[in-house]
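# Descriptive structure summary
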Amino acid sequence: MKALYMEPYEAAEIIEVDDMEETLGGAVEHLWPFEDAEEICMVVLADREDLSPNRTFEECGTVRGPILFVGSHDDFDDLTDDEIAFVERRTSFAEEEYDSDDYDPFEEDAQEEEDFCGTRIVDEDEFYGSINGDFF
């Protein structure tokens, strides 16, 4: 069947699909994200919490991992060209996420920075050395 396939941070492509689970690489979930177009089915991996963000949809927010769009007119079948255009108009790339646990302000490299976002980063000795005791 003719489907629209989207990988995180890559352009969407039209592909031929025989097996949705094989194409996406695991157990899948079927969702209908568009109230205006109930004949368009979005197929995603069932367990996708640890996958990269892919696309953002107005109706359902950010979706992670690879996405496959198929038609659901009777059963699952081809998407029409109009449906493909509809999906592409209603999606946008999700923003890349950065792991906040990767930054340690007391790493040696961070100590070389004098100013980080308007806040001076100091270690414990420098902090307690700057207090003159009037506050205790």
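Our subject in this report is the structure included herewith. Keep in mind it's a predicted model, so treat the numbers as computed, not measured.

### Describing the side chain of Arg-55
- Along the polypeptide, Arg-55 turns up in strand E5 (residues 53–57).
- Of the buried charged residues, Arg-55 lacks a salt bridge, with Glu-88 as the closest side chain of opposite charge at 7.5 Å.

### What about the packing of aromatic side chains?
- Counted according to the given criterion, the structure contains four aromatic pairs.
- Counting every residue linked through ring pairs, the aromatic cluster contains Phe-34, Phe-57, Phe-69 and Phe-86.

### Examining the sheet that holds strand E7 (residues 67–71)
- Across the sheet, which stays open at both edges, the five strands sit in the order E2-E1-E7-E4-E3 with antiparallel pairing between neighbours. For this open sheet the edge positions go to strand E2 (13–16) and strand E3 (28–31), each flanked by a neighbour on one side alone. Going from strand to strand, the sheet's axes swing by 30° on average, the running direction of each strand aside.
- Taken together, the four bridges between E3 and strand E4 (residues 40–45) define a ladder with antiparallel strand orientation. Following the sheet pairing, Leu-31 is matched in E4 by Met-42.
- Packing against the sheet, helix H2 (residues 81–89) makes contact with strand E1 (2–6), E2, E4 and E7, and its axis sits at approximately 15° to E1.

Thresholds applied
Residues numbered from 1 in each chain as written. Predicted model: local features only at pLDDT ≥ 70, side-chain atom pairs only at ≥ 80, totals over all residues. Heavy atoms only, no water. Helix = DSSP H or I, 4+ residues; strand = E, 2+ residues; numbered from the N terminus. Buried < 20%, exposed > 50% of the residue type's maximum accessible area, 1.4 Å probe, protein only. Lys, Arg positive; Asp, Glu negative; His and termini not counted. Salt bridge = Lys/Arg side-chain N within 4 Å of Asp/Glu carboxyl O. Phe/Tyr/Trp six-rings, centres within 6.5 Å; stacked < 30°, edge-to-face > 60°. Pairing = 2+ DSSP bridges. Axes fitted to C-alpha atoms, helices over the stretch in contact; angles between N-to-C directions. Contact = heavy atoms within 4.5 Å.

Any link to function would need more than the numbers given here.
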